[in-house]
Amino acid sequence: MALLPADPAAAAAYRETARRIRESAAPQAAAELGRIATDVRRSIVTMIDRAGLGHIGGDLSVTDILVTCFYGVMSVDPERPRWEHRDRFVLSKGHCAAALYSTLAHCGFFAPAELETFMAPLSALNGHPNRVRVPGIETNTGALGHGLPVATGCALAARLDGVPWRTFVVLGDGELQEGSNWEAAMAAAHHELAGLTAVVDRNRLQQGARTEETNRLDSLAGKWHSFGWEVREVDGHDHLALRQALAGSATGRPVAVIANTIKGKGVSFMEDRVEWHHKVPDPAQVRAALAELAG
Amino acid sequence: MTVTEEQAVFDCRQAFAGELIALARQDERVVAVCNDSVGSSNLAGFRAEFPHRMFNVGIAEQDMVGIAAGLANAGKIPYVCAAAPFLTGRALEQIKADVAYSEAHVVLCGQSPGMAYGELGPTHHSIEDLSWVRAIAGLDVIVPCDPVQTRAAVRWAAASGRPSYLRIPRFKVPEVTPADAPFAPGRAVVMRGGDDVTVIAIGSLTSRALLAADRLQAEGVSVRVLNMPFLDPLDEDAVVAAARQTRGIVTAEEATTSGGLGAAVAAAVVSLHPGPMRILGVPRVFAPTGDNGFLLDYFGLSADGIAAAVRDLLRRG
């Protein structure tokens, strides 16, 4: 099956917007990234309302990370999704596909109208990302603990070829309970993969409870540091702080960005509430959410 | 094709390693990934010649397969080399999601499969691997029976552009593949013609099936011996022809009978041309202590055992 086609008009707008964000002064860049993030959040709520399924809490916590990566940091071309020298982006917490799809559509990787098919029968937009159908996806995720090893392989390949493209992987915090992450954390540090950046969406909630009540992760920065990573801890909803944290390695080691976030961010009645992991809002709640996200 | 008990036998890991080095000299995309198995996968020569194209991730199989998928994403052709029980058992979800479902061109090379590590016990046996990998969509499953097919498998996997699982025998086997034999998806190899019964054998059981056919010939029983270098996709036409043209089919493999060759052939037979079968393999038990040869004989995976199954099929249908 073929990849979804790009949306040339949206891709052109993306190129222009991303250029402007990277060239403009901090306040303007922050304002622009904030507007895009609000668009993406509205899209997430609409998609999940239409599909009657989704992982809204994590979608809303990871949105600012996604928008900052794609609009503020990474080098990608939505009209050439398999461009050899693109930066690689892996969403290891694949259940937050709605946020990724919304961001990719906003960038023009495919037409925003396609979002209306989210999880509909035979849609390319499965509940978890599929690289065979969706441009901008590097590996199929959904099962947790897979993204960091794959991203490590990407970064190893770039180093082997001596090329400068970078690899970004976004991990859920609960997902760090999977041991495969720590296998990869060791390997990336061992190989000093400075081109690899792992962002932890540290919203402190997993499906059933708080991470610290389930299987404690703290001191999370200490863990990454002890594995040999350069660690940066930021407010995961502060676009400029994120952008700064996502700049390249200063030490020659791989970089772990612990992005402190709020699950359900942007919709007051969902924020930091465990039940909104994958609860679907009713029509009144959708209206209320969209009203809060009016921008 | 016939085979004798005195014929020279080979550890296919050596053919594998030699061909991989030859391939790597011609194609710089080829890299090796392993799990502290440089020695057991015979990769020392590869490492000496291509130190920067060899990634030993240590004892971390999930990471090993994920890293290979990432390398493939960036245009490399990774050969993941690890003992088959740990490659498939420990990293099965990575094989499914990162490799097969993601359509990553990764070559998974299960070394020392079956009961190659006989005395080390069932933790080190890989008799479940064929059932597991056969259940995964989009993954070609290749089971070489000798050095000829091993070398062909290494080459084919690089050219295919698709994910594949190669099961590289350690148990020493003679060369049995005819010079003009096909090596292609869905293509059986006719190792020997015959009209009474068909034996379909893969991997280490292929030469044993030929020995059984020799013995049965002396009794006046004509046995067709088919070999399936590709367990998936299977040559269903050859299976149906065997079911139609001979009185029954005996399958033989160094694997559990729950889901490997026997199950694949049985599904084709039942669906397309029902007839009698015997499925030889390891029944659903953990093997007792013993070396590889002892355990094959113990489970009836010998020339005698195959011949007995043929006679039983002829007697009872």
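Heads up: the structure comes first, above all this text.
This report concerns the structure included in the present document. Treat the numbers as computed from the prediction; the structure is a model and nothing was measured.

Basis of the calculations
- Residues numbered from 1 in each chain as written.
- Chains lettered and ligands numbered in written order.
- Predicted model: local features only at pLDDT ≥ 70, side-chain atom pairs only at ≥ 80, totals over all residues.
- Heavy atoms only, no water.
- Contact = heavy atoms within 4.5 Å.
- Buried area = accessible area lost by both parts, 1.4 Å probe.
- Salt bridge = Lys/Arg side-chain N within 4 Å of Asp/Glu carboxyl O.
- Polar contact = N/O pair within 3.5 Å; in protein donor to acceptor, adjacent residues only side chain to side chain.
- Helix = DSSP H or I, 4+ residues; strand = E, 2+ residues; numbered from the N terminus.
- Buried < 20%, exposed > 50% of the residue type's maximum accessible area, 1.4 Å probe, protein only.
- Pairing = 2+ DSSP bridges.
- Right-handed = clockwise from strand over helix to strand, strands pointing away.
- Phe/Tyr/Trp six-rings, centres within 6.5 Å; stacked < 30°, edge-to-face > 60°.

**Description of the interface of chain A and chain B**
If you look at the interface, chain A gives 27 residues, while chain B gives 23 residues. Buried area between chain A and chain B, summed over both chains or domains, comes out near 2100 Å², and the portion from carbon and sulfur atoms is 54%. The largest share of the area that chain A buries against chain B comes from H146(A), L160(A) and E183(A), three residues that together contribute 27% of it. Our enumeration of links across chain A and chain B arrives at one salt bridge. In this structure, K76(B) and D161(A) form a salt bridge, with 2.4 Å as the shortest nitrogen-oxygen distance. The tally of links between chain A and chain B comes to 11 residue pairs in polar contact (both at pLDDT 80 or more). If you list the elements that add at least two residues to the side of chain A that touches chain B, you get α5 (147–161) and α6 (180–190) of chain A. Tallying contributions element by element places α5(A) first for the side of chain A that touches chain B, with nine residues.

**Things to note about the pairing of strand β6 (residues 164–168) of chain B**
Residue and element names in this part refer to chain B. Of all five residues making up β6, five are buried, and the element is well covered by its neighbours. Side chains S164, L166 and I168 of β6 all project onto a buried face; the interleaved residues Y165 and R167 project onto the opposite face, where all are buried too. With five bridges connecting them, strand β4 (residues 107–111) and β6 associate as parallel partners. Bridge pairing in β6 links Q111 to I168. Judged from the three bridges that link them, strand β5 (residues 140–142) and β6 form a sheet pairing that is parallel. Across the sheet, the residue bridging to D140 is S164, located in β6. As a crossover connection, the stretch from β5 through helix α7 (residues 147–160) into β6 is right-handed.

**Here we look at the packing of aromatic side chains**
Residues and elements named next belong to chain A. Summed over the entire model, instances satisfying the criterion amount to 13 aromatic pairs over all chains. Each ring, one from W182 and one from F227, has its centre 4.9 Å from the other, and the planes form 45°; the classification is tilted. With W182 in helix α6 and F227 in the loop between α8 (220–226) and β4 (230–235), this pair connects stretches of sequence that are 45 residues apart. According to the relative accessible area criterion, W182 is buried, its value standing at 14%. In this structure F227 comes out as partly exposed when scored by relative accessible area, which is 28%.

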